[in-house]
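# Summary of the model geometry
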2 protein chains.
Amino acid sequence: MQADDDVAYAPAGEVEQFCRDVFVAAGADEATADAATKAMMHGSRLGVDSHGVRLLDHYIAAISGGRVNGHPDMRISQSFGAVASLDADHGHGALAAYRAMDRAMELAETCGIGAVSIRNSSHFGAAGAYALHASQHGYIGLAFCNSDSFVRLHDGAMRFHGTNPISFAAPVSGQPPWLFDMATSAIPYNRVKLYQSLGRELPDGVASDANGKDIKDPALVEMLAPLGGEFGFKGAGLAGLVEILSAVLSGMQLSFDLLPMNGPDFATPRGLGAFVMAMKPGAFVPDDVFEAGMRRYLEVLRSSPAREGSKVMAPGDREWLVAEERDRQGIPLDPATQDAFARLAQRYGLTSPV
Amino acid sequence: MQADDDVAYAPAGEVEQFCRDVFVAAGADEATADAATKAMMHGSRLGVDSHGVRLLDHYIAAISGGRVNGHPDMRISQSFGAVASLDADHGHGALAAYRAMDRAMELAETCGIGAVSIRNSSHFGAAGAYALHASQHGYIGLAFCNSDSFVRLHDGAMRFHGTNPISFAAPVSGQPPWLFDMATSAIPYNRVKLYQSLGRELPDGVASDANGKDIKDPALVEMLAPLGGEFGFKGAGLAGLVEILSAVLSGMQLSFDLLPMNGPDFATPRGLGAFVMAMKPGAFVPDDVFEAGMRRYLEVLRSSPAREGSKVMAPGDREWLVAEERDRQGIPLDPATQDAFARLAQRYGLTSPV
């Protein structure tokens, strides 16, 4: 971050404990507090600050307002072979996604693959948290979610898709997983807010005004551009893939029909869908063949020549480095998050980590 | 195409019959001739000319040289619950992919989802052909394949990934399917060859020289850029997802280990992998809910406001329009393809459709 003077650092353990305590103080059950905190800490430890603990304030507003059910009765509402539907009872999206991925892994253990569609859920944070969860248990994991309509179509001038992330993780024996998590927009919307909080200009061709024309001032952004610039039909198509898997296949709200994440209504459940999948490598190919393939792929990648002034990294490599650094240096908290932590600490009689 | 003077048109039925006859004359079995022709005609009818009948000459060289087995004994070599591995016996990639998708649909019928890893295969053409095949039978279809190393990493200066396509299709009741097929490179390599044949310059930021620096002359291209420009880590990550599913999960060759598609060796099988998946919407959500969701999604998309001078289309819409036009006007054949057709006609005592 450029505006380093405004950023405060706090030990990861203290930030984590604070988030958990705030959730419980706000009336959430232990499972919700654990899952939501784990997902936010995934973002804050790995450098995905747009989906890190800056979301705490938002999540507490959603639970306090009644939009998100802090004591959900999440159930598998439908099962068929290797697939299932999880009804999240309007609980926190992170709890729903971890639960759904647990079921997907059980299905993958017996069927080679498992896919779980999530109904009646809410914002789940960083999709990569759930793909990573699967890969840490030896499975290939995929996670998708649609979200507030904020991204134009390739030739469009309307907020149409959400930033609709795609995440994929694969286990690598003896190494951290291969971990990939991308928004199908040119940038995530949370990054627009972060840049605005930090007083930074946006890069070219990532966000647009109400006519779909690209602009750079984060305060004036009316919609994001789909990934791909001149080839934005690819980003828009990928967003559509996510929309179909997350919303259509769950019978939930399409992005443009969702109540806005940021209110003013914090009382009505938003009816978000999501979709997770796990695959057992050994069901397709002997484990040692899969492991040798992943190792060779990464070995050649990491030793391949770079463009001038650059360094080649595998998806996830930057994240593991950031996590190491932050485990030493602490979690950076932007000014808006510091303020929110102070307010929440005061409201619930807790001590903010900054 | 801009160089319209050099393009000749031939009726789709005649082009199709010619391709099939050439395959059989070159010694391929009927199943191979049918599948390879169907896949090429998918490209040529829908406007994906880079993966259309311009590949006939190449495929015949591969069968004549022995690289591709014209009489393969394709078998399911491993089955586990909802997943399977198809050993393609070094046959044509299109036959392998159609067969694998047929099995994936059978698995989806009983398990809600089916995934099939393809081993010992060869170039399969347009990935969209196989996703479309599933959607035409009422399933959500996905197809992936790695290919000759030709795309640099985001910060890389080496041919690393193939153009590694992602395709996805979903059935829409009473309408053509939602059909999406993208290369994870900024453009497909076959388009570089097509532009070269037509004497056109490449757009900005899609292809690079040996140092990974972007250039516009198709004749000087040493590698392609990954999708995303400044955000090329996304295109590179998606290519990695395809690489892991297609090559690692099948125990087949990584893109950078593949023998080159364009020879000089046309005798040695290349050991290509691929990956297909089918999902049964009704296993996740009642069919009428899925159908209503797809219809609403497409209705809002097609009636949404466009950027100035543009028109909003769903993935596949352009392709269906092109197919209608070509069914009337004929299949356009570029000069190199016309020459190849003439050579093949002479060699096998057939009549070229142009």
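Named according to an unreviewed UniProt entry, chain A is Ldh family oxidoreductase originating from Neorhizobium turbinariae.

A word on the overall build of chain A. Regarding its fold elements, chain A presents 10 helices and 11 strands. Whereas a compact globule of 354 residues would reach a radius of gyration of roughly 20 Å, chain A reaches 20 Å, a difference of no more than 12%. When its C-alpha atoms are laid out on the principal axes, chain A stretches across 55 × 55 × 45 Å. Counting across all 354 residues of chain A, residues that qualify as buried make up 61%. In chain A, once contacts between residues fewer than 6 apart in sequence are set aside, the share between residues at least 24 apart is 67%. Mean positive and mean negative side-chain charge positions of chain A (29 and 42 charges, respectively) differ by 2 Å.

The interface of chain B with chain A comprises 85 residues on the first partner and 84 residues on the second. Of the roughly 6600 Å² buried between chain B and chain A on both sides combined, carbon and sulfur atoms contribute 73%. Contact with chain A buries surface across chain B, with Lys234(B), Phe284(B) and Arg307(B) losing the most and accounting together for 12% of the total. Our count for the contact surface shared by chain B and chain A stands at four salt bridges. Arg307(A) is the partner of Asp214(B) in a salt bridge, and the nearest nitrogen-oxygen pair spans 3.9 Å. The tally of links between chain B and chain A comes to 22 residue pairs in polar contact (both at pLDDT 80 or more). Ranked by residue count, the leading element in the side of chain B that touches chain A is helix α7 (residues 232-248) of chain B, at 10 residues. Residue classes in the side of chain B that touches chain A are distributed as 51 nonpolar, 21 polar and 13 charged.

This next bit is on unusual backbone geometry. Outside of glycine, negative phi angles account for most residues, and trans bonds account for most peptide bonds. In the segment running from Gly263(A) into Pro264(A), the intervening peptide bond is cis, with an omega of 15 degrees. In this fold, Pro264(A) is placed in the loop between α7 (232-248) and β10 (272-279). Phi is positive for Asn120(B), close to 50 degrees, though the residue is something other than glycine. Structurally, Asn120(B) is set in strand β4 (residues 113-121).

Quick look at the sheet that holds strand β5 (residues 140-144) of chain A now. Residue and element names in this part refer to chain A. Taking strand neighbours across the sheet as the criterion, the seven strands line up as β2-β3-β4-β10-β5-β6-β7 in an open arrangement whose pairing is mixed. At either margin of the open sheet sits one strand with a lone partner, and together these are β2 (75-80) and β7 (175-182). The sheet shows a mean angle of 15 degrees between the axes of neighbouring strands, taken without regard to direction. Judged from the four bridges that link them, β5 and strand β6 (residues 166-172) form a sheet pairing that is antiparallel. Within β6, the residue paired with alanine 143 across the bridge is serine 167. Along the sheet, helix α8 (residues 287-302) contacts β5, β6 and β7; its crossing angle with β7, the most-contacted strand, is approximately 70 degrees.

Before going further, it helps to spend a moment on the packing of α7(A) against helix α9 (residues 287-302) of chain B. At a closest axis distance of 10 Å, the pairing of α7(A) and α9(B) adopts a crossing angle of 145 degrees. In terms of crossing hand, the pair formed by α7(A) and α9(B) is right-handed. Of the residues in α9(B), those in contact with Gly240(A), Glu243(A), Ile244(A) and Val248(A) of α7(A) are Phe290(B), Gly293(B), Met294(B) and Tyr297(B).

Moving on: the environment of Pro260(B). All names here are of chain B. Considering the arrangement of structural elements, one finds proline 260 in the loop between α7 and β10 (272-279). Distance from proline 260 to tyrosine 297, taken between C-alpha atoms, is 42 Å for residues 37 residues apart in sequence. For proline 260, the residues in contact, after removing those within four places along its chain, are Arg67, Asp148 and Arg270.

Our focus in this paragraph is the sheet that holds β10(B). Residues and elements named next belong to chain B. The strand order across the open sheet built from seven strands is β2-β3-β4-β10-β5-β6-β7, with neighbouring strands paired in mixed fashion. Two strands close off the open sheet at either side, each with one partner strand: β2 (75-80) and β7 (175-182). Between one strand axis and the next, the sheet turns by 15 degrees as a mean value, whatever way the strands run. Its contacts with the sheet place α7 against β5 (140-144), β6 (166-172), β7 and β10, and it is angled at close to 95 degrees to β10.

What follows concerns the pattern of salt bridges. Residues and elements named next belong to chain A. Across all of its chains, the model carries 28 salt bridges over all chains by this definition. For arginine 152, the salt bridge identified is with aspartate 214, shortest N-O distance 3.3 Å. Here arginine 152 is found in the loop between β5 and β6, whereas its partner aspartate 214 is found in the loop between β8 (207-208) and β9 (223-224), with 62 residues between them in sequence. Among the residues examined, arginine 152 registers a relative accessible area of 4% and is labelled buried. Taking relative accessible area as the criterion, aspartate 214 reaches 32% and is therefore assigned partly exposed. Members of the salt-bridge network, linked through shared partners, are Arg20, Glu30 and Asp34.

Turning to the relation of the copies chain B and chain A, a few remarks are in order. Superposition of chain B onto chain A requires a rotation of 180 degrees combined with a translation of 0.0 Å along the rotation axis, giving an RMSD of 0.0 Å. Viewed as a symmetry operation, the transformation between the two copies matches a two-fold axis. Looking at the rotation axis and the C-alpha trace of chain B, the residue lying nearest is Gly228(B), at 2.3 Å. A high fraction, 99%, of the interface residues of chain B reappear at the interface in chain A, so the copies pair face to face through one surface.

Attention shifts here to the packing of aromatic side chains. Applying the stated rule across the entire model yields 20 aromatic pairs over all chains. Plain terms: the ring middles of Phe124(B) and Tyr130(B) are 4.9 Å apart, the flat faces sit at 45 degrees to each other, and that makes the pair tilted. With respect to burial, Phe124(B) and Tyr130(B) carry one shared label: buried. An aromatic cluster of three or more residues is present, and its members are Tyr98(A), Phe124(A) and Tyr130(A). A cation over an aromatic ring shows up here: Arg200(A) above the ring of Tyr195(A), its NZ or CZ 4.4 Å from the ring centre. The ring of Tyr98(B) has Lys38(B) sitting right over it, with the charged end atom 4.6 Å from the ring centre.

Residue and element names in this part refer to chain B. If you trace the backbone, serine 167 turns up in strand β6. For serine 167, a relative accessible area of 0% translates into the label buried. Here alanine 127 takes part through its backbone oxygen, which lies 3.1 Å from a polar atom of the side chain of serine 167. Discounting chain neighbours no more than four positions away, the residues touching serine 167 are Ala127, Gly128, Ala131, Gly141, Leu142, Ala143, Phe180 and Asp181.

Right, let's talk about the environment of Glu319(A) for a bit. Residues and elements named next belong to chain A. Secondary-structure assignment places glutamate 319 in helix α9 (residues 317-329). Exposure remark for glutamate 319: the relative accessible area of 24% places this residue in the partly exposed category. In sequence terms glutamate 319 and phenylalanine 180 are 139 residues apart; their C-alpha atoms lie 9.9 Å from each other.

In this section: the side chain of His154(A). Secondary-structure assignment places His154(A) in the loop between β5 and β6. A polar atom in the side chain of His154(A) sits 3.4 Å from the backbone nitrogen of Phe233(A). The contact partners of His154(A), leaving out residues within four places of it in the chain, are Pro226(A), Gly229(A), Glu230(A), Phe231(A), Gly232(A), Phe233(A), Ala236(A) and Arg307(B).

Parameters at a glance
Residues numbered from 1 in each chain as written. Chains lettered and ligands numbered in written order. Predicted model: local features only at pLDDT ≥ 70, side-chain atom pairs only at ≥ 80, totals over all residues. Heavy atoms only, no water. Helix = DSSP H or I, 4+ residues; strand = E, 2+ residues; numbered from the N terminus. Rg over C-alpha atoms; globule rule 2.2 N^0.38 Å. Buried < 20%, exposed > 50% of the residue type's maximum accessible area, 1.4 Å probe, protein only. Contact = heavy atoms within 4.5 Å. Lys, Arg positive; Asp, Glu negative; His and termini not counted. Charge placed at Lys NZ, Arg CZ, Asp CG, Glu CD. Buried area = accessible area lost by both parts, 1.4 Å probe. Salt bridge = Lys/Arg side-chain N within 4 Å of Asp/Glu carboxyl O. Polar contact = N/O pair within 3.5 Å; in protein donor to acceptor, adjacent residues only side chain to side chain. Nonpolar A, V, L, I, M, F, W, Y, C, P; charged D, E, K, R; others polar. Pairing = 2+ DSSP bridges. Axes fitted to C-alpha atoms, helices over the stretch in contact; angles between N-to-C directions. Left-handed = near helix turned anticlockwise from the far one by under 90°. Least-squares fit on C-alpha atoms with pLDDT ≥ 70 in both. Phe/Tyr/Trp six-rings, centres within 6.5 Å; stacked < 30°, edge-to-face > 60°. Lys NZ or Arg CZ within 6 Å of the ring centre and 35° of its normal.

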